Amino acid sequence: MTLPSIMLLLLLPLLFSAPSTSTARDFDFFYFVLQWPGSFCDTKKSCCYPATGKPTADFSIHGLWPNYADGSYPSNCDRQNAYDASQIADLMEILRSHWPSLACPSGDESTFWKHEWQKHGTCSESVLDQHAYFGTALRLRTQINLLQALQDAGIKPDGGLYSSTDISSAIRNSTGFEPKLGCNADGGGNRQLYEVSVCVDAKGERLIECPISSISNCPPRVEFPPF
Ligand code: 5GP
Ligand code: 5GP
């Protein structure tokens, strides 16, 4: 037997055990998803404010979603790791301002946070425990000032129509990375800017270029409604 074939034989067990050991990945990257409250509230379904009152007119967090590079994603990964408010007690105040809920009947943010943790957060628990999951989302939100980026480019929440390409360019100029835009429809059926997603590495540390091409559901021109 030649030396290379002996080495191959020695390496084979390593090669086959690799996927189930340290190189196995629960997911490949995160989508960090922000929502424009004006576009949540002016739909046919309308919205409800939290007990603390009308949230600030700024982009707020929808979620931090683990994703696979083929476009699919895991969800509801660990029933045993239930949402536990006591683990994020020190983050509550800042979560209320950056991650409010606008869903009816009550705009109850803890229901929203619990849903996001159960559906998405449990799928990245190998990297981020509950405190780190919510803390990472808050850090990213503070790092990314979408409203400022858009206003700097003359794009204002004034109910006007803006080019989707211009919106993406303004965000890319500010963050350094191409965003994925999401649109919904206002009560009159007009398409409007509802969500902006950016991609984050699987450690939750840095913004990255999205590993998959971002197919937006926005038309070339979209409304940017006030809130
Ligand atoms: P929709 O159907 O409204 O786009 O999405 C409904 C929900 O499915 C989202 O709020 C989110 O929980 C999940 N979802 C939709 N698209 C994606 C995606 O590309 N990646 C991940 N991780 N979750 C998604
Ligand atoms: P996803 O679409 O992430 O799976 O789930 C969103 C869920 O959170 C929905 O059941 C929705 O009713 C609830 N929710 C509560 N507050 C909000 C909010 O402010 N924005 C969005 N997009 N969903 C919210």
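Residues numbered from 1 in each chain as written. Chains lettered and ligands numbered in written order. Predicted model: local features only at pLDDT ≥ 70, side-chain atom pairs only at ≥ 80, totals over all residues. Heavy atoms only, no water.

(A) Structural view of the site of ligand 2. Ligand 2 sits among 14 residues. The nearest are Gln35, Ser101, His115, Glu116 and Lys119. In this structure, a nitrogen atom belonging to ligand 2 sits 2.6 Å away from a side-chain N or O atom of Ser101. Here His115 contributes a side-chain N or O atom positioned 2.7 Å from an oxygen atom of ligand 2. Against a free-state accessible area of 510 Å², the protein chains account for coverage of 71% of ligand 2. Put simply, the parts of the chain that give the shell around ligand 2 at least two residues each are β2 (60-67) and α4 (109-119). The dominant element in the shell around ligand 2, judged by the number of residues it contributes, is α4, at 4 residues. For the shell around ligand 2, a count of residues per class yields 7 nonpolar, 5 polar and 2 charged. (Near = heavy atom within 4 Å. Polar contact = N/O pair within 3.5 Å; in protein donor to acceptor, adjacent residues only side chain to side chain. Areas by Shrake-Rupley, 256 points an atom, 1.4 Å probe, with all protein chains shown as cover. Helix = DSSP H or I, 4+ residues; strand = E, 2+ residues; numbered from the N terminus. Nonpolar A, V, L, I, M, F, W, Y, C, P; charged D, E, K, R; others polar.)

(B) Summary view of the site of ligand 1. Contacts to ligand 1 come from Tyr31, His62, Trp65, Pro66, Asn67, Tyr73, Lys119 and His120. In this structure, Lys119 approaches ligand 1 through a side-chain N or O atom, which is 2.9 Å from an oxygen atom. The side chain of His120 places a nitrogen or oxygen atom 2.7 Å from an oxygen atom of ligand 1. Expressed as a share of its isolated accessible area of 500 Å², the protein-covered part of ligand 1 is 57%. For the shell around ligand 1, the leading source of residues is β2, giving 4 residues.

(C) Summary view of helix α7 (residues 164-175). For α7, built from 12 residues, the straight-helix expectation of 16 Å at 1.5 Å per residue is met to within 8% by its first-to-last C-alpha distance of 16 Å. Buried within α7 are the following residues: Ser164, Ile167, Ser168, Ala170, Ile171 and Thr175. Considered in projection along α7, the buried side chains sweep an arc of 160 degrees and stay on one side of the axis. Seen from the open side of α7, the exposed residues pointing more than 90 degrees away from its buried face are Thr165 and Asn173. Backbone nitrogen of Thr165 and a side-chain oxygen of the N-cap are separated by 3.2 Å at the start of α7; the cap is Ser163. Count one or two residues on from α7 and you reach Gly176, which has phi positive near 90 degrees. (Expected span 1.5 Å × (residues − 1). Buried < 20%, exposed > 50% of the residue type's maximum accessible area, 1.4 Å probe, protein only. Arc of directions from axis to C-beta.)

(D) Layout of the nonpolar core. Residues Phe32, Phe59 and Phe134 are the most contacted members of the largest nonpolar core, which totals 47 residues. Looking at this core, the element that brings in the most residues is helix α5 (residues 130-143), giving 5 residues. Ignoring anything within four residues of it in the chain, the contact list for Phe32 reads Ile61, Gly63, Leu64, Ala137, Leu140, Arg141, Ile144, Val196, Ser197, Val198 and Val200. (Core = buried A, V, L, I, M, F, W, Y, C linked by side-chain atoms within 4.5 Å. Contact = heavy atoms within 4.5 Å.)

(E) Quick peek at the pairing of strand β1 (residues 29-35). Most of β1 sits out of view: 7 of its 7 residues are buried. Residues Phe29, Tyr31, Val33 and Gln35 point to one face of β1 and Phe30, Phe32 and Leu34 to the other, with burial holding for every one of them. Note: β1 against β2, 7 bridges, orientation antiparallel. Following the sheet pairing, Phe30 is matched in β2 by Pro66. As defined by bridge partners, β1 adjoins strand β5 (residues 191-201) across 7 bridges and the pair is classed as antiparallel. Paired with Phe32 across the two strands is Val198, which belongs to β5. (Pairing = 2+ DSSP bridges.)

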